Amino acid sequence: MIPGGRLVVLGKQGAGKGTQCVRLSHHYVIPHISTGDMLRGETKAGSELGLEARQYMTDGKLIPDGVVLKMVAQRLDQDDTRTRGFVLDGFPRTVAQAEGLDDLLDPASLDLAINIVVPTPLVLRRLASRRVCEDCAAIYSTAAPPRVGWICDVCGGEVIHREDDTEAAIHKRLDLYEQETQPLIAWYRIARKLVSISGVGGPDAVSDRLVAAVDDHRSVGAFGVPLPSSRTVDESDAVDDEASHAWPVTAGPSERSPEELS
Ligand SMILES: [Zn+2]
(Lines give C-alpha, C1' and ligand atoms only; values in the text may rest on other atoms or scores of the structure.)
Protein backbone atom coordinates (compact mmCIF):
# COMPACT_ATOMS: atom_id res chain seq x y z
CA MET A 1 0.00 0.00 0.00
CA ILE A 2 1.22 3.49 -0.80
CA PRO A 3 1.73 5.47 2.39
CA GLY A 4 -0.22 8.74 2.56
CA GLY A 5 1.26 11.99 3.79
CA ARG A 6 0.55 15.34 5.37
CA LEU A 7 2.21 17.89 3.14
CA VAL A 8 2.26 21.64 2.66
CA VAL A 9 3.59 23.06 -0.61
CA LEU A 10 4.91 26.63 -0.75
CA GLY A 11 6.04 28.52 -3.81
CA LYS A 12 5.67 31.86 -5.46
CA GLN A 13 3.48 32.45 -8.45
CA GLY A 14 4.96 30.71 -11.48
CA ALA A 15 6.78 28.10 -9.39
CA GLY A 16 4.43 25.40 -10.67
CA LYS A 17 2.92 24.84 -7.23
CA GLY A 18 -0.60 23.96 -8.46
CA THR A 19 0.67 21.44 -11.00
CA GLN A 20 2.99 19.80 -8.50
CA CYS A 21 0.28 19.59 -5.84
CA VAL A 22 -1.94 17.68 -8.27
CA ARG A 23 0.93 15.31 -9.03
CA LEU A 24 1.73 14.72 -5.35
CA SER A 25 -1.96 14.10 -4.76
CA HIS A 26 -1.97 11.36 -7.41
CA HIS A 27 1.36 9.87 -6.36
CA TYR A 28 0.52 9.49 -2.67
CA VAL A 29 -3.26 9.09 -3.14
CA ILE A 30 -3.97 12.04 -0.88
CA PRO A 31 -6.53 14.80 -1.42
CA HIS A 32 -5.26 18.04 -2.97
CA ILE A 33 -6.66 20.82 -0.82
CA SER A 34 -6.43 24.18 -2.55
CA THR A 35 -7.75 26.99 -0.39
CA GLY A 36 -8.13 29.12 -3.53
CA ASP A 37 -10.40 26.50 -5.11
CA MET A 38 -12.30 26.06 -1.85
CA LEU A 39 -12.90 29.79 -1.52
CA ARG A 40 -14.10 30.01 -5.11
CA GLY A 41 -16.42 27.05 -4.44
CA GLU A 42 -17.82 28.54 -1.23
CA THR A 43 -18.33 31.90 -2.91
CA LYS A 44 -20.07 30.34 -5.91
CA ALA A 45 -22.31 28.25 -3.63
CA GLY A 46 -23.18 31.40 -1.66
CA SER A 47 -22.44 29.71 1.67
CA GLU A 48 -22.13 31.77 4.84
CA LEU A 49 -18.36 31.34 4.72
CA GLY A 50 -18.30 32.21 1.02
CA LEU A 51 -20.27 35.40 1.55
CA GLU A 52 -17.99 36.40 4.42
CA ALA A 53 -14.90 35.77 2.29
CA ARG A 54 -16.35 37.66 -0.66
CA GLN A 55 -16.99 40.69 1.53
CA TYR A 56 -13.31 40.87 2.49
CA MET A 57 -12.25 40.49 -1.14
CA THR A 58 -14.71 43.17 -2.28
CA ASP A 59 -13.28 45.49 0.36
CA GLY A 60 -9.79 44.71 -0.95
CA LYS A 61 -8.78 43.12 2.35
CA LEU A 62 -6.96 39.88 3.07
CA ILE A 63 -9.24 37.17 4.37
CA PRO A 64 -8.54 36.85 8.11
CA ASP A 65 -6.68 33.79 9.38
CA GLY A 66 -9.71 32.70 11.40
CA VAL A 67 -11.96 32.49 8.33
CA VAL A 68 -9.43 30.47 6.33
CA LEU A 69 -8.70 28.21 9.31
CA LYS A 70 -12.40 27.48 9.78
CA MET A 71 -12.65 26.40 6.16
CA VAL A 72 -9.51 24.23 6.34
CA ALA A 73 -10.67 22.69 9.65
CA GLN A 74 -13.92 21.54 8.01
CA ARG A 75 -12.03 19.96 5.16
CA LEU A 76 -9.43 18.23 7.34
CA ASP A 77 -12.22 16.69 9.39
CA GLN A 78 -13.42 14.56 6.45
CA ASP A 79 -12.70 10.84 6.13
CA ASP A 80 -10.25 10.97 3.23
CA THR A 81 -7.94 13.46 4.92
CA ARG A 82 -8.22 11.65 8.26
CA THR A 83 -7.10 8.35 6.74
CA ARG A 84 -4.74 9.40 3.94
CA GLY A 85 -3.53 12.90 4.77
CA PHE A 86 -3.43 15.80 2.33
CA VAL A 87 -1.37 18.12 0.21
CA LEU A 88 -2.21 21.71 1.11
CA ASP A 89 -1.95 24.33 -1.63
CA GLY A 90 -2.22 28.04 -0.79
CA PHE A 91 -2.31 27.42 2.95
CA PRO A 92 -0.79 28.27 5.37
CA ARG A 93 0.17 31.78 4.28
CA THR A 94 1.16 33.13 7.69
CA VAL A 95 2.83 31.83 10.83
CA ALA A 96 -0.51 32.20 12.64
CA GLN A 97 -2.13 29.93 10.06
CA ALA A 98 0.73 27.42 10.38
CA GLU A 99 0.25 27.37 14.16
CA GLY A 100 -3.48 26.93 13.62
CA LEU A 101 -2.77 24.00 11.31
CA ASP A 102 -0.56 22.36 13.94
CA ASP A 103 -3.39 22.66 16.45
CA LEU A 104 -5.85 21.12 13.98
CA LEU A 105 -3.54 18.17 13.35
CA ASP A 106 -2.64 17.53 16.98
CA PRO A 107 -1.78 14.84 18.17
CA ALA A 108 -0.58 14.03 14.63
CA SER A 109 1.71 16.47 12.87
CA LEU A 110 2.68 17.75 9.48
CA ASP A 111 5.20 15.57 7.62
CA LEU A 112 6.85 18.19 5.47
CA ALA A 113 6.58 21.71 4.09
CA ILE A 114 8.04 21.74 0.59
CA ASN A 115 9.22 25.07 -0.78
CA ILE A 116 9.48 25.08 -4.58
CA VAL A 117 12.19 27.59 -5.52
CA VAL A 118 12.47 29.21 -8.94
CA PRO A 119 14.62 32.18 -10.02
CA THR A 120 12.68 35.35 -10.88
CA PRO A 121 13.72 35.53 -14.58
CA LEU A 122 12.24 32.07 -15.09
CA VAL A 123 9.03 33.10 -13.32
CA LEU A 124 8.75 36.10 -15.64
CA ARG A 125 9.17 33.88 -18.69
CA ARG A 126 6.61 31.38 -17.42
CA LEU A 127 4.03 34.02 -16.54
CA ALA A 128 4.40 35.77 -19.90
CA SER A 129 3.19 32.59 -21.61
CA ARG A 130 0.58 31.81 -18.96
CA ARG A 131 -3.14 31.75 -19.75
CA VAL A 132 -5.88 31.42 -17.14
CA CYS A 133 -9.53 30.33 -17.24
CA GLU A 134 -11.70 33.29 -16.26
CA ASP A 135 -14.25 31.05 -14.55
CA CYS A 136 -12.41 28.27 -12.71
CA ALA A 137 -8.82 29.63 -12.68
CA ALA A 138 -7.40 26.52 -14.40
CA ILE A 139 -3.95 27.37 -15.73
CA TYR A 140 -2.69 26.86 -19.29
CA SER A 141 0.20 28.25 -21.31
CA THR A 142 0.92 29.07 -24.92
CA ALA A 143 2.94 25.83 -24.96
CA ALA A 144 0.14 23.82 -23.32
CA PRO A 145 -3.16 25.36 -24.47
CA PRO A 146 -6.66 23.90 -23.91
CA ARG A 147 -7.71 21.16 -26.35
CA VAL A 148 -10.18 23.33 -28.28
CA GLY A 149 -9.42 26.97 -29.06
CA TRP A 150 -9.06 29.00 -25.87
CA ILE A 151 -11.96 27.23 -24.17
CA CYS A 152 -11.26 25.74 -20.75
CA ASP A 153 -11.03 21.90 -20.75
CA VAL A 154 -12.38 21.81 -17.20
CA CYS A 155 -15.40 24.12 -17.28
CA GLY A 156 -15.83 25.56 -20.78
CA GLY A 157 -14.90 29.07 -19.62
CA GLU A 158 -12.85 31.52 -21.61
CA VAL A 159 -9.07 31.17 -21.24
CA ILE A 160 -7.33 34.55 -21.24
CA HIS A 161 -4.00 36.31 -20.68
CA ARG A 162 -4.50 38.19 -17.43
CA GLU A 163 -3.92 41.91 -17.78
CA ASP A 164 -2.04 41.98 -14.50
CA ASP A 165 0.48 39.42 -15.79
CA THR A 166 2.73 42.29 -16.85
CA GLU A 167 6.36 42.35 -15.77
CA ALA A 168 5.94 45.29 -13.36
CA ALA A 169 2.86 43.77 -11.74
CA ILE A 170 4.53 40.39 -11.46
CA HIS A 171 7.60 41.93 -9.77
CA LYS A 172 5.32 43.65 -7.29
CA ARG A 173 3.44 40.45 -6.50
CA LEU A 174 6.70 38.50 -6.12
CA ASP A 175 8.08 41.09 -3.69
CA LEU A 176 4.89 40.97 -1.68
CA TYR A 177 5.00 37.19 -1.65
CA GLU A 178 8.58 37.14 -0.36
CA GLN A 179 7.74 39.61 2.40
CA GLU A 180 4.70 37.63 3.46
CA THR A 181 6.26 34.20 3.22
CA GLN A 182 9.73 34.72 4.67
CA PRO A 183 8.58 34.41 8.29
CA LEU A 184 6.60 31.28 7.41
CA ILE A 185 9.58 29.67 5.67
CA ALA A 186 11.79 30.52 8.66
CA TRP A 187 9.17 29.07 10.99
CA TYR A 188 9.09 25.74 9.14
CA ARG A 189 12.87 25.68 8.96
CA ILE A 190 13.18 26.09 12.72
CA ALA A 191 10.55 23.36 13.14
CA ARG A 192 12.78 21.16 10.91
CA LYS A 193 9.86 20.58 8.56
CA LEU A 194 11.18 22.52 5.59
CA VAL A 195 12.73 21.22 2.43
CA SER A 196 13.48 23.52 -0.50
CA ILE A 197 13.40 22.01 -3.98
CA SER A 198 14.37 23.53 -7.29
CA GLY A 199 11.33 24.16 -9.50
CA VAL A 200 13.47 24.56 -12.60
CA GLY A 201 12.94 22.15 -15.47
CA GLY A 202 9.94 20.25 -16.81
CA PRO A 203 7.05 19.15 -14.54
CA ASP A 204 8.25 15.51 -14.54
CA ALA A 205 11.75 16.43 -13.36
CA VAL A 206 10.34 18.65 -10.61
CA SER A 207 7.86 15.95 -9.48
CA ASP A 208 10.70 13.43 -9.24
CA ARG A 209 12.58 15.80 -6.92
CA LEU A 210 9.51 16.39 -4.75
CA VAL A 211 8.75 12.68 -4.40
CA ALA A 212 12.41 11.93 -3.59
CA ALA A 213 12.35 14.63 -0.90
CA VAL A 214 9.16 13.26 0.69
CA ASP A 215 10.44 9.66 0.59
CA ASP A 216 13.82 10.67 2.03
CA HIS A 217 12.10 12.51 4.83
CA ARG A 218 9.87 9.51 5.53
CA SER A 219 12.82 7.13 5.59
CA VAL A 220 14.45 9.02 8.45
CA GLY A 221 11.23 9.40 10.45
CA ALA A 222 8.97 12.37 11.00
CA PHE A 223 11.32 14.12 13.37
CA GLY A 224 14.60 13.14 11.80
CA VAL A 225 16.70 15.40 9.68
CA PRO A 226 16.92 14.16 6.09
CA LEU A 227 20.39 13.81 4.72
CA PRO A 228 21.22 15.72 1.57
CA SER A 229 20.18 13.48 -1.28
CA SER A 230 21.83 13.37 -4.67
CA ARG A 231 18.43 12.42 -6.07
CA THR A 232 17.03 15.87 -5.35
CA VAL A 233 19.51 17.51 -7.70
CA ASP A 234 19.47 16.69 -11.38
CA GLU A 235 22.11 18.54 -13.35
CA SER A 236 20.43 17.70 -16.65
CA ASP A 237 17.43 19.84 -15.68
CA ALA A 238 19.47 22.91 -14.97
CA VAL A 239 19.45 24.19 -18.52
CA ASP A 240 18.16 27.68 -17.94
CA ASP A 241 18.86 27.88 -14.30
CA GLU A 242 20.91 30.24 -12.22
CA ALA A 243 20.23 28.42 -9.00
CA SER A 244 19.30 24.79 -9.58
CA HIS A 245 19.90 23.04 -6.30
CA ALA A 246 17.94 21.22 -3.74
CA TRP A 247 18.33 22.63 -0.27
CA PRO A 248 17.96 19.98 2.34
CA VAL A 249 16.19 20.63 5.57
CA THR A 250 19.49 20.73 7.49
CA ALA A 251 19.86 24.48 6.92
CA GLY A 252 19.67 26.14 10.30
CA PRO A 253 17.62 29.25 10.97
CA SER A 254 20.71 31.41 10.68
CA GLU A 255 21.43 30.21 7.15
CA ARG A 256 19.70 31.93 4.32
CA SER A 257 17.96 29.99 1.61
CA PRO A 258 18.38 31.06 -2.02
CA GLU A 259 14.73 32.11 -1.84
CA GLU A 260 15.79 34.87 0.52
CA LEU A 261 18.88 35.75 -1.47
CA SER A 262 17.10 36.10 -4.81
ZN1 LIG B 1 -12.37 26.76 -16.46
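Higher on the page you've got the structure.
Below, the structure is looked at part by part. (Residues numbered from 1 in each chain as written. Predicted model: local features only at pLDDT ≥ 70, side-chain atom pairs only at ≥ 80, totals over all residues.)

Let us now look at the sheet that holds strand 6 (residues 139-141). Judged by pairing direction, the sheet is antiparallel, and its three strands sit side by side in the order 6-5-7 without closing on themselves. The open sheet has two free edges, formed respectively by strand 6 and strand 7 (159-160), since each of these has just one partner strand. Summarising the sheet, strand 5 (residues 130-133) and strand 6 pair through three bridges and their orientation is antiparallel. Looking across to strand 6, one finds that Val132 is bridged to Ile139. (Pairing = 2+ DSSP bridges. Helix = DSSP H or I, 4+ residues; strand = E, 2+ residues; numbered from the N terminus.)

What follows is about the nonpolar core. Ranked by internal contacts, the top residues of the largest apolar core, which has 43 residues, are Leu7, Val9, Val87, Leu88, Ala113 and Ile114. Those residues in contact with Ala113 that sit more than four places away from it in its chain are Val8, Leu10, Tyr188, Lys193 and Leu194. (Core = buried A, V, L, I, M, F, W, Y, C linked by C-beta atoms within 7 Å. Buried ≥ 20, exposed ≤ 12 C-beta atoms within 10 Å, placed from the backbone. Contact = placed C-beta atoms within 7 Å.)

Below, the discussion takes up the sheet that holds strand 2 (residues 32-34). Read across the sheet, five strands follow the order 2-3-1-4-8 without closing on themselves; strand pairing throughout is parallel. Looking along the sheet, the strands with just one partner apiece sit at the ends: strand 2 and strand 8 (194-198). Each strand axis lies, on average, 25° off the axis of its neighbour in the sheet, ignoring direction. The sheet contact formed by strand 2 and strand 3 (residues 85-89) spans three bridges and is parallel. Note on strand 3: the bridge partner recorded for His32 is Val87. Strands strand 1 (5-11), strand 4 (112-117) and strand 8 of the sheet are contacted by helix 8 (residues 167-190), whose axis makes an angle of about 120° with strand 8. (Axes fitted to C-alpha atoms, helices over the stretch in contact; angles between N-to-C directions.)

A word on unusual backbone geometry. Note the cis peptide between Phe91 and Pro92, where omega equals -5°. By the secondary structure assignment, Pro92 is in the loop between strand 3 and helix 6 (95-105). Cis peptide bonds are those with omega within 30 degrees of zero, and the linkage from Asp106 to Pro107 qualifies with 10°. Here Pro107 is to be found in the loop between helix 6 and strand 4. A positive phi angle, near 50°, is found at Val29, a position not held by glycine. Looking at the secondary structure, you find Val29 in the loop between helix 1 (17-28) and strand 2. Under the C-beta neighbour-count criterion, Val29 is labelled partly exposed, with 14 such atoms within 10 Å. At Arg192, a residue that is not glycine, the phi angle is positive and equals roughly 55°. In this fold, Arg192 is placed in the loop between helix 8 and strand 8.

Residue alternation in strand 5 divides its side chains into a buried set, Arg131 and Cys133, and an unburied set, Arg130 and Val132. If you look at the hairpin formed by strand 5 and strand 6, you'll find five residues sitting between the two strands, and Ala137 has a positive phi there, around 70°. In this sheet, strand 7 lies alongside strand 5 in antiparallel orientation, the contact comprising two bridges. Across the sheet, Cys133 pairs through a bridge with Val159, a residue of strand 7.

Compared with the 24 Å implied by 1.5 Å per residue over 17 residues, the 24 Å span of helix 9 (residues 203-219) between its first and last C-alpha is a close match. Taken together, the buried positions of helix 9 are Val206, Arg209, Leu210, Ala212, Ala213, Val214, Asp216 and His217. On its buried face, helix 9 sits against strand 1, helix 1, strand 4 and strand 8. (Expected span 1.5 Å × (residues − 1).)

The next thing to look at is the pairing of strand 3. Summarising burial for strand 3: five of the five residues are buried, a large majority. Alternating residues of strand 3 divide into Gly85, Val87 and Asp89 and Phe86 and Leu88, and every residue in both groups is buried. With five bridges joining them, strand 1 and strand 3 adopt parallel strand pairing. Residue pairing in the sheet places Gly5 in a bridge with Gly85 of strand 3.

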